[in-house]
Amino acid sequence: MNISLVAGARPNFIKIAPIIHAIKIKNEKLKIKSGQDKWSFIKYRLVHTGQHYDEKMSETFFRELNIPEPDVNLGCGGGTQAEQTAAIMMAFEKELMANPADLVIVVGDVNSTLACSIVAKKLNTKVAHVEAGIRSGDLTMPEEINRIVTDSITDYFFTTTTWANQNLLKSGIDEKRIFLVGNVMIDTLMANQHRFYPPPFWEIFNLQPGQYFVLTLHRPANVDDAQKLKSMIHEIVTNIDGLPVIFPMHPRTFKVYSELGISYPNLYTVEPLGYLSFNYLVKHAKAVITDSGGITEETTVMGIPCITLRDTTERPETVEIGTNELVGSNPKAIKAALEILKRGEWKKGKIPELWDGKTAERIVNVLIKLRDYSNYYV
């Protein structure tokens, strides 16, 4: 089986790493069992679309997560949503025509996910979607549109939870094509926790475990409106009793923030961090305040309180089961959540089913079945 494995943005790299490692392990096991030293059961070609072109948002993750160099980088960074999607489609069409695959695997919900799925289907190549079926119900989110369109043309669906399964079933997907496997992001988290290390500013800012907050904001609804961003930051830093707030700043956010001219003695803005140092910061934080979906999954597994500044979430399990609370996008709602935290009344949370570090292994086992049994092709 020849696979094109597509990645384009920071969350994608975290999700493809365990899949690549699981493919290698499976091939070695099957090679030994078959006695054929040079025979590989699954061959993959790693395609980097270049959607994230900043080193800290891209190449750093390849190094830290031991992902091999991509077979090709399509170099499609920058531009508007439409420009970037179109550029990826044109480049990936040439790539897939030059290097045909039996299956294209896309992960997550970024522009690369959507673009490469469309190209694959138009070239009559089957598509598998890792993290399929998640929904926020909010069509103002570009990611939601990417999810819906990708899942409408996907052949095989690898899901993180039963919530995702139900979303797909309600849309008419045959259950034979849905595989509940768990969360590949958690595979990466569990495999690398022992490698986490403090960021270079840990001692400079005199950070102490459990005595600081981590803040991340990047969604247009929160950062494109300068006054709203200013109000959110004010509500956070003035309601945490002077504890430090570490704010690794997404390039999109920096463009707006740099024009605000605000300064607080307990607010520390830093550049985007690599995976290992960022998660060290999260693991030892008092709490995380974010509008990221992926971070809510990581905090749930690490047992860290998480305050999500959004009105909707595509990851309800982090709220229903985990440590996350959805407080909305109104800055005035932040204080009440922080008061609960300060009183020590934040919920403990549990880890969702199958978020056990073995998701990629289950995905690869399904791929072997897809290769071996024609009745799986529906």
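With that out of the way, let us pick up the packing of helix H9 (residues 226-237) against helix H14 (residues 334-342). Across the interface, H9 lies against H14 with an axial gap of 9 Å and an inter-helix angle of 25 degrees. Between H9 and H14, the angle falls in the class roughly parallel. Crossing of H9 over H14 shows right-handed handedness. On H14, the residues touching Met232, Glu235 and Ile236 of H9 are Ile334, Lys335 and Leu338. Of the residues belonging to the contact of H9 with H14, the class tally is four nonpolar, no polar and two charged.

Over its twelve residues, helix H4 (residues 111-122) extends 17 Å from the first C-alpha to the last, a length consistent with the 16 Å expected when each residue adds 1.5 Å. In terms of burial, H4 is a largely internal element, ten of the twelve residues being buried. A positive phi of about 60 degrees marks Asn124, the residue just after H4.

Below, the discussion takes up the sheet that holds strand S10 (residues 267-270). Working definition: the strands of a sheet are paired by backbone hydrogen bonds and lie parallel or antiparallel to each other. One open sheet accounts for six strands, arranged S10-S9-S8-S11-S12-S13; its pairing is parallel. The strands lining the two open edges of the sheet, one partner per strand, are S10 and strand S13 (324-326). Neighbour to neighbour, the strand axes of the sheet diverge by 20 degrees on average, direction disregarded. Where strand S9 (residues 245-248) meets S10, four bridges bridge the pair, whose relative direction is parallel. Within S10, the residue paired with Phe247 across the bridge is Thr269. Sitting on the sheet, helix H12 (residues 293-302) is in contact with strand S8 (213-216), strand S11 (287-290), strand S12 (306-308) and S13, with an inclination near 165 degrees to S11.

A full pass over the atoms with the stated rule returns 19 salt bridges. The residue Arg45 makes a salt bridge to Glu95 at a minimum N-O spacing of 2.5 Å. Taken as a pair, Arg45 in strand S2 (residues 43-48) and Glu95 in helix H3 (residues 81-98) lie far apart in primary sequence, 50 residues in all. Residue classification places Arg45 among the partly exposed positions, given a relative accessible area of 23%. When its relative accessible area of 7% is taken as the criterion, Glu95 is described as buried. Across the pair Asp241 and Lys342 runs a salt bridge, and its minimum N-O distance is 3.6 Å.

We now examine the state of the cysteines. Following the criterion strictly, the structure yields zero disulfides and no others. Left unpaired, Cys76 is separated from the closest cysteine sulfur, that of Cys116, by 8.4 Å.

So, on to the nonpolar core. Most often, soluble globular proteins keep nonpolar side chains buried together rather than apart. Residues Ile19, Ile67, Phe158, Leu281 and Leu367 are the most contacted members of the largest nonpolar core, which totals 63 residues. At nine residues, helix H1 (residues 10-34) tops the list of elements feeding residues into this core. Not counting chain neighbours up to four residues away, the residues in contact with Ile19 comprise Leu5, Val107, Val130, Val184, Ala360, Ile363 and Val364. Formed by 30 residues, the second largest nonpolar core is a distinct cluster that contains Val223, Leu260, Tyr264 and Leu341.

Scoring rules and cut-offs
- Residues numbered from 1 in each chain as written.
- Predicted model: local features only at pLDDT ≥ 70, side-chain atom pairs only at ≥ 80, totals over all residues.
- Heavy atoms only, no water.
- Axes fitted to C-alpha atoms, helices over the stretch in contact; angles between N-to-C directions.
- Helix = DSSP H or I, 4+ residues; strand = E, 2+ residues; numbered from the N terminus.
- Parallel < 35°, antiparallel > 145°, perpendicular 65-115°, else oblique.
- Left-handed = near helix turned anticlockwise from the far one by under 90°.
- Contact = heavy atoms within 4.5 Å.
- Nonpolar A, V, L, I, M, F, W, Y, C, P; charged D, E, K, R; others polar.
- Expected span 1.5 Å × (residues − 1).
- Buried < 20%, exposed > 50% of the residue type's maximum accessible area, 1.4 Å probe, protein only.
- Pairing = 2+ DSSP bridges.
- Salt bridge = Lys/Arg side-chain N within 4 Å of Asp/Glu carboxyl O.
- Disulfide = S-S within 2.5 Å.
- Core = buried A, V, L, I, M, F, W, Y, C linked by side-chain atoms within 4.5 Å.

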